[in-house]
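If you want the building blocks of each chain, they are given just below.
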Amino acid sequence: MIGEDGYFGEGVARRWDDASSDMFLPGIVDTAVDVLADLAAGGTALELGIGTGRIALPLAQRGVKVRGIDLSRAMVARLHAKPGGNAIDVTIGDFSTTRVPDTFSLVYSVFNTITNLRTQEAQVACFRNVAAHLAPGGRFVVEVEVPEVRKLPAGHKIVPLYTSPTQWAFDVYDFATQSLTSNYVEVNNGRGEYQSIPFRYVWPSELDLMAQLAGLRLWNRWGGWTRHAFTHESTKHVSVYEKPEF
């Protein structure tokens, strides 16, 4: 049964900051924070799905005032327990619709967070919510993977993620609904645990149309946080949308 924290309750939260995960490598975090601090340009920032503060805390240490929206109380509790975490104001709620009273020079959604919104309607609503929070000239940054459907032979729908003697993970794609589930199996002391988390994958061009519907325009798109070119071989993208000045 899914609780008030959605799919990111205590069971996920207590493992989220596992230092072995690639997303926590210092070079990756530092590079992302460099880009976001540059785009904030001395203004304030709002993170959608702020979680345990992987990006928000180091960004705040760069002098950027950060606020957050997140559905998971369990994740936010871990953020607030970290040094400097209590200084970051977080509103609990669905980031596609939840409003906070300020406007921002930067809103950002990293590490595929936008795919937690599992319908196209919710993703469109997210862009409109972002536009309402952005000051004129402000920017919205989205980091998300390119759907890995090219890895699938005809008639197949499962993409392996990783395997080890005690851990297995795989994605299952549904092309009819543009949905996928990420599935995790772990064995500890002879006991197995299984978790399945649903997402909605989204294409770069689809995000661009959502932005247009919200009155935003594509400012730049890179193949990653190092700002290298996005190509047909890119496995993810960092897209930056801008709210016009007038």
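Everything numeric in this text was worked out from a predicted model, so none of it was measured.

(A) Structural view of the environment of Lys-65. Considering the arrangement of structural elements, one finds Lys-65 in the loop between α3 (56-61) and β2 (66-70). On the basis of relative accessible area, Lys-65 is assigned to the exposed category, the value being 57%. Between the C-alpha atoms of Lys-65 and Ala-87, which are 22 residues apart in sequence, the distance is 9.2 Å. Non-local contacts of Lys-65, meaning those with residues more than four positions away in its chain, are made with Gly-43, Thr-44 and Ala-45.

(B) Structural detail: the pairing of strand β5 (residues 134-145). Where strand β4 (residues 104-109) meets β5, five bridges bridge the pair, whose relative direction is parallel. Bridge pairing in β5 places Ser-109 opposite Val-142. What joins β4 to β5 is helix α5 (residues 120-133), and the crossover it makes is right-handed. Pairing of β5 with strand β11 (residues 236-242) involves seven bridges; the strand directions are antiparallel. When the bridges of β11 are listed, Val-141 appears paired with Val-240.

(C) Examining the environment of Ser-164 more closely. For Ser-164, the position within the fold is in the loop between β6 (158-163) and β7 (167-174). Once the C-alpha coordinates of Ser-164 and Glu-193 are considered, the two residues, 29 residues apart in sequence, prove to be 14 Å apart.

(D) Representation of the nonpolar core in the model. Counting 27 residues, the largest nonpolar core has Leu-36, Ile-55, Leu-59, Leu-106, Tyr-108, Val-141 and Trp-225 as the members making the most contacts within it. Sorting the residues of this core by element identifies α2 (26-40), α3, α4 (73-81), β4 and β11 as the ones contributing at least two each. Of the residues forming this core, the biggest block, seven residues, is contributed by α2. In contact with Tyr-108, not counting residues within four places along its chain, are Leu-36, Ala-45, Leu-46, Glu-47, Leu-48, Ile-55, Ala-56, Leu-59, Val-66, Phe-140 and Val-141. With 26 residues, the next largest nonpolar core counts Val-107, Ile-114, Ala-131 and Val-144 among its residues.

(E) Representation of the sheet that holds β7. Spatially, the four strands line up as an open sheet ordered β6-β7-β8-β9, and their pairing is antiparallel. Every other strand in the sheet has two partners, leaving β6 and β9 (191-200) as the edge strands with one partner each. Each neighbouring strand pair of the sheet contributes to a mean axis angle of 15°, computed without reference to strand direction. Here β7 runs beside strand β8 (residues 179-188); their pairing, made up of eight bridges, is antiparallel. In the strand pairing of β8, Asp-171 is matched with Ser-182.

(F) How the structure looks around the pairing of β9. Across 10 bridges, β8 lies against β9 in antiparallel orientation. Note on β9: the bridge partner recorded for Asn-183 is Ser-196.

(G) View of the packing of aromatic side chains. Enumeration over the complete set of coordinates arrives at six aromatic pairs. Between the aromatic rings of Phe-127 and Phe-140, the centroid separation amounts to 5.2 Å while the plane-to-plane angle is 80°, which identifies the pairing as edge-to-face. One end of the pair, Phe-127, is in helix α5; the other, Phe-140, is in strand β5, and 13 residues separate them in sequence. For Phe-140, a relative accessible area of 0% puts it in the buried group. An aromatic cluster of at least three residues, connected via ring pairs, comprises Tyr-173, Phe-175, Tyr-201 and Trp-203. Its guanidinium or amino end placed over the ring of Trp-219, Arg-139 lies 3.8 Å from that ring's centre, counting from NZ or CZ.

(H) Main features of the UniProt feature "domain: Methyltransferase" (unreviewed entry) in the protein chain. According to UniProt, the feature "domain: Methyltransferase" (unreviewed entry) maps to residues 46-138 in the numbering used here. Annotation note: span residues 46-138, helix share 31%, strand share 25%, distance between end C-alpha atoms 11 Å.

(I) Seen up close, the sheet that holds β4. The seven strands are arranged β3-β2-β1-β4-β5-β11-β10 in an open sheet whose pairing can be described as mixed. For this open sheet the edge positions go to β3 (89-92) and β10 (217-222), each flanked by a neighbour on one side alone. Ignoring which end each strand starts from, the neighbouring axes of this sheet average 20° apart. Against the sheet, α4 contacts β2 and β3, and its axis sits at roughly 170° relative to β3.

Definitions and cut-offs
Residues numbered from 1 in each chain as written. Predicted model: local features only at pLDDT ≥ 70, side-chain atom pairs only at ≥ 80, totals over all residues. Heavy atoms only, no water. Helix = DSSP H or I, 4+ residues; strand = E, 2+ residues; numbered from the N terminus. Buried < 20%, exposed > 50% of the residue type's maximum accessible area, 1.4 Å probe, protein only. Contact = heavy atoms within 4.5 Å. Pairing = 2+ DSSP bridges. Right-handed = clockwise from strand over helix to strand, strands pointing away. Core = buried A, V, L, I, M, F, W, Y, C linked by side-chain atoms within 4.5 Å. Axes fitted to C-alpha atoms, helices over the stretch in contact; angles between N-to-C directions. Phe/Tyr/Trp six-rings, centres within 6.5 Å; stacked < 30°, edge-to-face > 60°. Lys NZ or Arg CZ within 6 Å of the ring centre and 35° of its normal. UniProt positions renumbered as here; feature names shortened; annotations may be inferred.

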